[in-house]
Amino acid sequence: MIATPPRHVVAIALAVLVFGVVPTQVHAIDPRFELDPRLLDKAAEPPAGDRQGRTVRKAERPATGMSDYTVRPGDHVFKILMKEYGLSNAESEALIPEVKRLNGISDIRRLRPGQSIRIPLAQRRGQGAVAERSAPKATRGAPSRSEGSDPVSAAKAGGGERPSGHSMRMMSVAGEREPAGIETVRQVWGGLVSSQPVSSGPVAIKDKNFSLSLDPESFPSFPAADGGRVLVDAGGKIPPLVRSLIEEKDPSIRIVSEDPRNRKRFMASLLTGARFYSVEEDVSLSFGADPKLTVNADFKIEKTPESVLHHDVVLMNVEEYRRGMPPSLVQFLRREGFQVMEPFPAREDAPPRGGRTLHQITAHETRGIVDGLLRAFNVRYETDRSVELYGMGDGGLRLDVRADRYFEDGRDRYVVSYFDGDPVSYTLTRLLETRGYRVVVLDPKDDFRKVSEKLLARLRLPGVFAQHDLLPHRDAPYGIQMSGVRMRGQGAGGETVFLTNAELDPLFRDLLDYNGYAVISY
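Residues numbered from 1 in each chain as written. Predicted model: local features only at pLDDT ≥ 70, side-chain atom pairs only at ≥ 80, totals over all residues. Heavy atoms only, no water.

The N-to-C vectors of helix α10 (residues 327–335) and helix α14 (residues 506–514) enclose an angle of 150 degrees; their axes lie 9 Å apart at closest approach. Comparing their axes, α14 and α10 come out roughly antiparallel. The element α10 and its partner α14 pack so that their crossing is left-handed. Counted together, Ser328, Leu329 and Phe332 of α10 and Leu507, Asp510 and Leu511 of α14 form the full contact between these two elements. Residue composition of the contact of α10 with α14, by class: four nonpolar, one polar and one charged. (Axes fitted to C-alpha atoms, helices over the stretch in contact; angles between N-to-C directions. Helix = DSSP H or I, 4+ residues; strand = E, 2+ residues; numbered from the N terminus. Parallel < 35°, antiparallel > 145°, perpendicular 65-115°, else oblique. Left-handed = near helix turned anticlockwise from the far one by under 90°. Contact = heavy atoms within 4.5 Å. Nonpolar A, V, L, I, M, F, W, Y, C, P; charged D, E, K, R; others polar.)

Right, let's get into the layout of surface pockets. Here the second largest pocket is characterised by a volume of approximately 580 Å³. Forming the walls of the second largest pocket are 23 residues, and the residues nearest its centre are Glu93, Ile108, Asn262, Arg263 and Glu319. Among the secondary structure elements, those contributing two or more residues to the lining of the second largest pocket are α4 (89–103) and α9 (263–273). Each residue belonging to the lining of the second largest pocket can be placed in one class, and the counts come to nine nonpolar, four polar and ten charged. (1 Å grid on protein atoms, 1.4 Å probe; cavity = no way out; pocket = protein on both sides within 12 Å on 5 of 7 lines; lining within 4 Å. Points joined across faces, edges and corners; volume = space filled by probe spheres on them.)

On to the confidence of the model for the protein chain, then. Chain-level pLDDT for the protein chain is 78 on average; 71% of the residues reach the 70-or-more range. By mean pLDDT, helix α5 (residues 127–134) is the weakest element of the protein chain at 35, and strand β10 (residues 313–316) is the strongest at 96. The low-confidence segment residues 39–60 (pLDDT under 50) makes 21 contacts with residues lying over four places distant or belonging to another chain. Taken together, the stretch residues 166–172 has pLDDT below 50 and engages in ten contacts with residues farther than four places along the chain or on a different chain. (pLDDT = per-residue confidence, 0-100.)

This next bit is on the sheet that holds strand β16 (residues 437–442). Across the sheet, which stays open at both edges, the four strands sit in the order β13-β14-β15-β16 with mixed pairing between neighbours. Strands with a single pairing partner mark the edges of an open sheet, and in this sheet they are β13 (382–390) and β16. Adjacent strand axes in the sheet meet at a mean angle of 45 degrees, parallel and antiparallel pairs treated alike. With respect to the sheet, helix α12 (residues 423–431) is in contact with β13, β14 (399–409), β15 (412–418) and β16, its orientation differing from that of β16 by roughly 150 degrees. (Pairing = 2+ DSSP bridges.)

Looking now at the pattern of salt bridges. Under the definition given, this model contains 25 salt bridges. Here Lys249 makes a salt bridge to Asp207, at a shortest N to O gap of 3.4 Å. Separated by 42 residues along the polypeptide, Lys249 in helix α8 (residues 240–249) and Asp207 in the loop between β3 (203–206) and β4 (211–214) bring together distant segments of the chain. Residue classification places Lys249 among the partly exposed positions, given a relative accessible area of 39%. On the accessibility criterion, Asp207 (27% relative accessible area) is partly exposed. Residue Asp384 is joined to Arg402 by a salt bridge in which the shortest nitrogen-to-oxygen separation is 2.7 Å. With a gap of 18 residues between them, Asp384 in strand β13 and Arg402 in strand β14 connect regions that are remote in the sequence. In this structure Asp384 comes out as partly exposed when scored by relative accessible area, which is 48%. (Salt bridge = Lys/Arg side-chain N within 4 Å of Asp/Glu carboxyl O. Buried < 20%, exposed > 50% of the residue type's maximum accessible area, 1.4 Å probe, protein only.)

Shown next, in the form of structure tokens:
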């Protein structure tokens, strides 16, 4: 007798036979679009392989207290804090003002190799801070998971499943309200991109599968020169997924992630993203030869290929150590085809006043130069003075020699004589030196440099004729170089005295006066 198999075994066999004969299609999601939900609310992190294979160079230094560091070529404070002490970008930015104060540094980029600086180190946040950053954030407007608001449970509790095609909010990108300095940049941006209004509207992208909108106060944007937009993501708070969606769906949007508190780096990234015709950084422009005016700018911007032709080139300064340009210099640059933009307030300390005097000798012939220099030295002199070479006490013989200029300084007696080719006059003048006179013999062809060098040598005054920096441009966006003689501590009250015969136009006079020079012409 043949045994009959159970009915459920027969059913299974028939199902296997049917599915083996009828062709079927299996649909699976493209692996490229598979997402780990934990990544939706986290900032980008390097792959594990990259983290293990990449070594970060950090100096072995104390975590707290005060550390001494010796500056090496190419160092600046920001680089030292990040590279040598392993601080993050935000930690370095926060510590720089204290480092500048402790070491008397005005410009963090101008350090002298071999210089020793002190670095104050505070205890950095440990695992608690990491845990705080890693903790999941509740979406604004939605209940937290601790309240039991699981999406599936919520759908069931609401009386059924969600309808097909319903828009679901997946994440919330939180940024600080109006990053510092943005409003100042917005005010001047219209002068750079005048063809498009500076809109305060949000960046919004719509697709059949999603819609994306960014809060314009947390993520402001600026029009670009090529018609696109520059989106400011201060500190890189936009998650990688959202960033890739923006760049893919709207390539005209360029995202800038520099912190606006670092003015120069932020402005450099903003100008690069705006796609101007030309943007140069750390520009130096020279006008004239002697005197020479040097104008420095953080950025030189040519908006279009015709900017130079149309006198529409922008010079922009954003560094905090800059003192700002006086109105006379701004007007001069405008006449030269440059528009000056200084969006951030200039440093508040006033230019130095007093303590510096510039004496301009306008004469071109030798005697006039001598008279101007003696007056600049505040020396009272006599002209065409008869000086005794031999007196009646010398065997009853008296011989006087004419001195073109004669003056006394304490016990010293000085004679200035001009050699006109007469050997007898030259010999008599030289004999005066045997009588204790300090003689200066000048040639009628001697220029300002020759006369000043001979006179200073006889007067035993320090000073070298050269082209000097009258206004060093470490603290101001401009400087003046001029040929002449600089004498420190020779004026009344130990002030600095500068002697020159260079022609000074009104602009140079105004800049010198603005920076504390008293200009006196002879």
